[in-house]
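Coordinate analysis (summary)
Below, each chain spelled out in residue letters.
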Amino acid sequence: RPIAAPAMVRSAAAHANAGARWMAHGDLATARQYFLRAAELGPDIQSGVAMNLALLEARDGHPDVALRAAMYAVHLEPRNFRPYTILALVLERTGHLAAAEAAFRRAIDLNPSDTSLRAELARLVTSRTAIDQAQAQAMSAGLEALYQRNDPNAAVAEFLKVLELNPNYTEVKLQIAR
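Residues numbered from 1 in each chain as written. Predicted model: local features only at pLDDT ≥ 70, side-chain atom pairs only at ≥ 80, totals over all residues. Heavy atoms only, no water.

Turning our attention to the environment of A141. On the secondary structure map, A141 appears in helix α7 (residues 115-147). When the C-alpha positions of A141 and E158 are compared, they lie 6.4 Å apart, and in sequence the two are 17 residues distant. (Helix = DSSP H or I, 4+ residues; strand = E, 2+ residues; numbered from the N terminus.)

A few words now on the nonpolar core. F35, L87 and V90 are the most contacted members of the largest nonpolar core, which has 38 residues in total. Secondary structure elements with two or more residues in this core: α1 (12-24), α2 (28-41), α3 (46-59), α4 (63-76), α5 (81-93), α6 (97-110) and α7. Residues in contact with L87, not counting those within four places in the same chain, are L67, A70, M71, V74 and A103. Within the second largest apolar cluster, nine residues are counted, among which are M139, V162, L163 and Y169. (Core = buried A, V, L, I, M, F, W, Y, C linked by side-chain atoms within 4.5 Å. Buried < 20%, exposed > 50% of the residue type's maximum accessible area, 1.4 Å probe, protein only. Contact = heavy atoms within 4.5 Å.)

On to the packing of α3 against α4. Relative orientation of the contacting elements α3 and α4 amounts to 160°, with a least axis distance of 8 Å. Between α3 and α4, the interaxial angle falls into the category roughly antiparallel. Relative to α4, the crossing made by α3 is left-handed. When α3 is examined against α4, the residues Q46, S47, A50, M51, L53, A54, E57 and A58 are found in contact with a partner set consisting of P63, V65, A66, A69, A70, Y72, A73 and L76. Classifying every residue of the contact of α3 with α4 by side-chain character gives 13 nonpolar, two polar and one charged. (Axes fitted to C-alpha atoms, helices over the stretch in contact; angles between N-to-C directions. Parallel < 35°, antiparallel > 145°, perpendicular 65-115°, else oblique. Left-handed = near helix turned anticlockwise from the far one by under 90°. Nonpolar A, V, L, I, M, F, W, Y, C, P; charged D, E, K, R; others polar.)

What follows deals with the packing of aromatic side chains. To describe a pair of aromatic rings, you give the distance between the ring centres and the angle between the ring planes. Summed over the entire model, instances satisfying the criterion amount to zero aromatic pairs. Against the face of Y84 rests R106, its NZ or CZ located 5.6 Å from the ring centre. (Phe/Tyr/Trp six-rings, centres within 6.5 Å; stacked < 30°, edge-to-face > 60°. Lys NZ or Arg CZ within 6 Å of the ring centre and 35° of its normal.)

Within the structure shown, the criterion is met by 10 salt bridges. A salt bridge links E120 to R123; its shortest N-O distance comes to 2.7 Å. A residue pair is termed a helical-turn pair when its members lie 3 or 4 positions apart in one helix, as E120 and R123 do in helix α7 at three residues. Via salt bridges that share partners, E101, R105, R128 and D132 belong to a single interconnected network. (Salt bridge = Lys/Arg side-chain N within 4 Å of Asp/Glu carboxyl O.)

Now for α3. Along its 14 residues, α3 runs 20 Å from first to last C-alpha, staying within 8% of the 20 Å computed at 1.5 Å per residue. Extensive coverage of α3 is indicated by the burial of 10 of its 14 residues. For α3, the set of buried residues is Q46, S47, V49, A50, M51, L53, A54, L56, E57 and A58. Each element contacted by the buried residues of α3 is listed here: α1, α2, α4 and α5. (Expected span 1.5 Å × (residues − 1).)

Everything listed here is a matter of coordinates, which is why it stays silent on function.
Structural data, given as structure tokens:
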């Protein structure tokens, strides 16, 4: 075990640090408990706790909770690049690529000398371009199958490919519903 028993840890910072260590060891449930207790004990470290919770919840498969935590961190520290970076990573993971790109750009605006942020943005833009191309190709194939070949099964198969690339694509959901 990486830390002492919970009763021995009393300060907000110690709880936050313990949560980070538990998260690094892969025990997300214990990490979550430490982060939540840190938030209760220390209003001055709310942003850092929110950022850690955002990463933890994204990693643990809770994208809505992760997104709320990341947005809360941005709310608490709108002039700090770190919450925008976390927000960008969570948005990317949840398929909101345009919003993720905007969050990375805001992080870069706040910290223009950070080359790792520029590298992350370049990676996202490259990935987004490839996804956009694949999405457009699958959408086109789905529409062609539906309207020119009158093959709804093939159309649905293509539309499902689009949803795999972008689960937030409303037009595809409407086509499948038809």
